[in-house]
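Single-letter residue listing:
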Amino acid sequence: MNINCEKIRDKLADFISDRIDPKEDATLIEHLEQCPECNKYYNELKADDQALSDFADSMRPILARIETNINEELETEKVKTIPIGKNKTLRLAVAAVILIGIIFTLNQFGIILDGTSTAWAKVSQIILEVRTITFNISIGKGPNVFCTASDRKFKQKLPSGVEAIFDYDKSQMLLLNPNDKTAMNIELSGLPIMPSNLFGNLKSTIEVLKECPDTIVKKLGKKEINNKEAAGIHAHLDRSIDVKIWYSTKDNIPILITAEKMIGQTNVIFSDFNFDVIADESVFNMDIPENYTEIESAKMDLKNLTEQDLTEGLKAWASLMENRFPEKLDLAIIQEHSKVIEQKLNEKGMSDIEKALIVIKIMRSLMFIGQLEVRWYYFGDNAKLGDTTTAIFWYQPEMSKRYRVIYGDLHIADIDPENLPKIP
Amino acid sequence: MDRSNNEKPVFSKVNVDRFAYSKLVKDYSARIFAICFSMLSSRDDAEDVTQQVFLKGFTDINQLRDLDKFGLWITQIAKHMCLDFLRRRKLNKMALKRIATEDVKYESMYDQDKYSRLRSALMQLTEEYRLPLMLYYFDGQSTKNIAESLEITVATAQTRLSRARKKLRQLLSTKRGA
């Protein structure tokens, strides 16, 4: 790079924003053609320009939300203050984490079920008014799972025949395995008030979407699904919800709902909806059938999550996985490793109740993370279980100047910000 | 009586209803968000403070003498409220600066979204460069708006913007090499 190049580069930044004397353009362009290094630099600046532009664009939904919130506040005429650090998205995310938590407990028994779905505009009212619904759900490349739901109850049946019934009012889950005629109860406590279950969540998600005008909605055109003409809508809200809804052009009833990257990178598909086909709620009966044998019952508390839950969950995971910690801390990891987890649990020759307790431990640790309202840092790859010197997780509790740091042997220390571990 | 001559009569005080104010919010939300984001280094905090800024603006709108100065006025409120917000974290200036830098660095490590590298580099820029750059991209790609928000000339805004681009490039290429 010669002196001329330096001068040219000084001008390239101006050139990027179209703020340069047109007379100088020719000199610049000529130089760029001759000098590969400056040309590369120019392309990098252009790429930065585009990235900055995209970055700013990615914030548009936030701006829309800000405007909506302000307008709402102005309307209520109680313009004083609004609490800082409590925004809708976060609360929604926490609720979603808890919900997925419930669903993943079922997963431990080989039952695959998950998701949140949404509909929009015309279809939303239909879903909000419906009392019971049946549908198929498939997660990633998983098989279709048949589900039946009302507001407060939920039931699913796997291809293997295993049935899980969840009763929100009783805070109870019943698993029925027709193959060996066994039944298992899981007692749940600390359930969120809303949403109540998958279907309740579907409804509340729709309500949230209806309330949030910053939901970006696009039409997807029309296509034929199951011999029915369907119209599509693509709705997404920030990065939290991204769904495509295909509904019948005849009666606006949803036919197919896909939720992108619902769990980690996994997509979820809802299909074959039937509305109000269940005459009564006997289908959700929680009594154990006479010819079934009840095996031990388990308990799962969904509240009072503490740091100890995190360390216990990490320990439970590492104990299963040759002392390695999970590569990331989100609920999708259970889904992604469900086969390995199942295999490892079986290898240990544990009772069903022991298996359930281990999965509940792992889940609680992930739920603790989901509820943290502060930044956290995780480097589980750095250490194996028992490593006393390598930090794997840290966060700064609210109002605290120091960080809580968890090491590979799962001891916890309070560390000043300047003494935090180096990022590997 | 020079001073009283400069003051506009009471009846010409700015008085906007909520509909007119909504329009102002729409026009200036990107600018205020850019300022808050730049000063607070956190998207969520910027969102919350931006809302507070505009709500305070509405409450105090009758203190504004000239509606043409709304942009400048609301910018001042934003800067004060950001500083207030930072102060409320009960940290002195030194600690604040240090922690803010570290937070950003670590945030970028776990928050592996598409823009994490860019955001991290932005947050490493000094305020002098970060603010013009963010204002430019958030607020209509206009150097005139930067100049107005920062109370500098358009030429100065352009110079800062160009320098900011180069600094940013430097940070991004260093990070890649690391």
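The rules behind each value
- Residues numbered from 1 in each chain as written.
- Chains lettered and ligands numbered in written order.
- Predicted model: local features only at pLDDT ≥ 70, side-chain atom pairs only at ≥ 80, totals over all residues.
- Helix = DSSP H or I, 4+ residues; strand = E, 2+ residues; numbered from the N terminus.
- Buried ≥ 20, exposed ≤ 12 C-beta atoms within 10 Å, placed from the backbone.
- Contact = placed C-beta atoms within 7 Å.
- Pairing = 2+ DSSP bridges.
- Axes fitted to C-alpha atoms, helices over the stretch in contact; angles between N-to-C directions.
- pLDDT = per-residue confidence, 0-100.
- Core = buried A, V, L, I, M, F, W, Y, C linked by C-beta atoms within 7 Å.
- Nonpolar A, V, L, I, M, F, W, Y, C, P; charged D, E, K, R; others polar.
- Expected span 1.5 Å × (residues − 1).
- Parallel < 35°, antiparallel > 145°, perpendicular 65-115°, else oblique.
- Left-handed = near helix turned anticlockwise from the far one by under 90°.

Some points on the overall build of chain A
The number of helices and strands found in chain A is 11 helices and 17 strands. Within chain A, buried positions represent 36% of all 424 residues. Within chain A, counting contacts between residues at least 6 apart in sequence, those at least 24 apart form 59% of the total.

Thoughts on the overall build of chain B
Across its full length, chain B holds 9 helices and 0 strands. Reading the secondary structure of chain B in the N-to-C direction produces α-α-α-α-α-α-α-α-α. By sequence separation, contacts in chain B at least 24 residues apart represent 63% of the contacts at least 6 residues apart.

Brief notes about the sheet that holds strand β14 (residues 376-378) of chain A
Residue and element names in this part refer to chain A. What the 4 strands build is an open sheet, ordered β14-β15-β16-β17; its pairing is antiparallel. Edge strands, defined here as strands with exactly one partner in the open sheet, are β14 and β17 (412-415). Geometrically, the sheet is characterised by an average inter-axis angle of 20° between neighbouring strands, direction not taken into account.

Let's talk about the confidence of the model for chain B
Residues and elements named next belong to chain B. Mean pLDDT over chain B stands at 75; residues scoring 70 or higher make up 74%. Here residues 1-13 scores under 50 on pLDDT; set against residues more than four positions off or in separate chains, the count is 3 contacts. A low-confidence stretch, residues 90-112 stays under pLDDT 50, and its non-local contacts, those more than four residues away or across chains, total 27 contacts. Overall fold confidence for the complex sits at a pTM of 0.43, while the interface term, ipTM, reaches 0.77.

A closer look at the nonpolar core
By size, the foremost hydrophobic cluster in this structure holds 48 residues, and its most contacted members are Phe33, Cys36, Leu133 and Phe138 of chain B. Listing elements by their share of this core, those giving two or more residues are α3 (36-58) and α4 (60-76) of chain A together with α2 (18-40), α3 (43-59), α4 (70-87), α6 (116-124), α7 (127-138) and α9 (154-177) of chain B. Looking at this core, the element that brings in the most residues is α2 of chain B, giving 12 residues. If sequence neighbours within four positions are ignored, cysteine 36 of chain B has contacts with Ala46, Val49, Thr50, Ala78 and Cys82 of chain B.

Section: the interface of chain A and chain B
On the chain B side, the residues contacting the 37 residues of chain A number 40 residues. Secondary-structure elements contributing two or more residues to the side of chain A that touches chain B are α1 (3-16), α3, α4 and β14 of chain A. Ranked by the residues each element gives to the side of chain A that touches chain B, the list is headed by α4 of chain A, at 10 residues. When its residues are assigned to classes, the side of chain A that touches chain B shows 20 nonpolar, 8 polar and 9 charged.

Observations regarding α4 of chain B
Structurally, the α-helix is built with 3.6 residues per turn, so residues lying three or four positions apart point the same way. Residue and element names in this part refer to chain B. Over its 18 residues, α4 runs 25 Å from end to end, which matches the ideal 26 Å to within 8%, given 1.5 Å per residue. All of the buried residues along α4 are Trp73, Ile74, Thr75, Ala78, Met81 and Cys82. Where α4 is buried, its residues contact α2, α3 and α8 (143-150).

Here we look at α3 of chain A
The first and last C-alpha atoms of α3 of chain A sit 32 Å apart over 23 residues, in line with the 33 Å expected at 1.5 Å per residue. Turning to α3 of chain A, its buried residues are Cys38, Tyr41, Tyr42, Leu45, Asp48, Leu52 and Ala56 of chain A.

Notes on the packing of α2 of chain B against α7 of chain B
Residue and element names in this part refer to chain B. The interhelical angle for the contact between α2 and α7, taken along N-to-C directions, is 150°, at an axis separation of 9 Å. If you check the angle between α2 and α7, you find them roughly antiparallel. Note that α2 runs across α7; the crossing there is right-handed. Here Ala30, Arg31, Phe33, Ala34, Ile35, Phe37 and Ser38 of α2 come into contact with α7, specifically with Glu127, Arg130, Leu131, Met134, Leu135 and Phe138. For the contact of α2 with α7, the class distribution of residues is 9 nonpolar, 1 polar and 3 charged.

Brief notes about the pairing of strand β3 (residues 153-157) of chain A
Residue and element names in this part refer to chain A. The buried fraction of β3 amounts to 4 of the 5 residues, a majority that puts the element mostly inside the structure. Sheet topology places strand β2 (residues 145-150) next to β3; 4 bridges connect them, and they run antiparallel. Pairing of cysteine 147 across the sheet is with glutamine 156, part of β3. Direction of pairing for β3 relative to strand β4 (residues 163-167): antiparallel, over a ladder of 5 bridges. Opposite lysine 153, over in β4, you have aspartate 167 as the bridge partner.

Side note on unusual backbone geometry
Even without a glycine there, the phi angle at aspartate 272 of chain A is positive, about 55°. We note that glutamate 151 of chain B has phi near 55°; this positive angle belongs to a residue other than glycine. By the element assignment, glutamate 151 of chain B lies in the loop between α8 and α9. Judged by the 10 C-beta atoms lying within 10 Å of it, glutamate 151 of chain B is exposed.

Considering the pairing of β4 of chain A
All names here are of chain A. Of all the 5 residues making up β4, 4 are buried; the element is thus mostly covered by neighbouring parts of the structure. Bridge count for β4 against strand β5 (residues 172-177) is 5 bridges, and the pairing is antiparallel. Bridge pairing links aspartate 167 to glutamine 172 in β5. Counting the residues in the hairpin turn of β4 and β5 gives 4 residues, including serine 171, whose phi is positive at 50°.

Here's the deal with the environment of phenylalanine 33 of chain B
Counting through the fold element by element, phenylalanine 33 of chain B comes out in helix α2. Owing to 26 C-beta atoms within 10 Å, phenylalanine 33 of chain B belongs among the buried residues under this scheme. In the structure, phenylalanine 33 of chain B is positioned 106 residues away from aspartate 139 of chain B in sequence and 9.3 Å away in space, judged by C-alpha atoms. Not counting residues within four places of it along the chain, the set of residues in contact with phenylalanine 33 of chain B comprises Met59, Leu63 and Ile66 of chain A together with Ala46, Thr50 and Phe138 of chain B.

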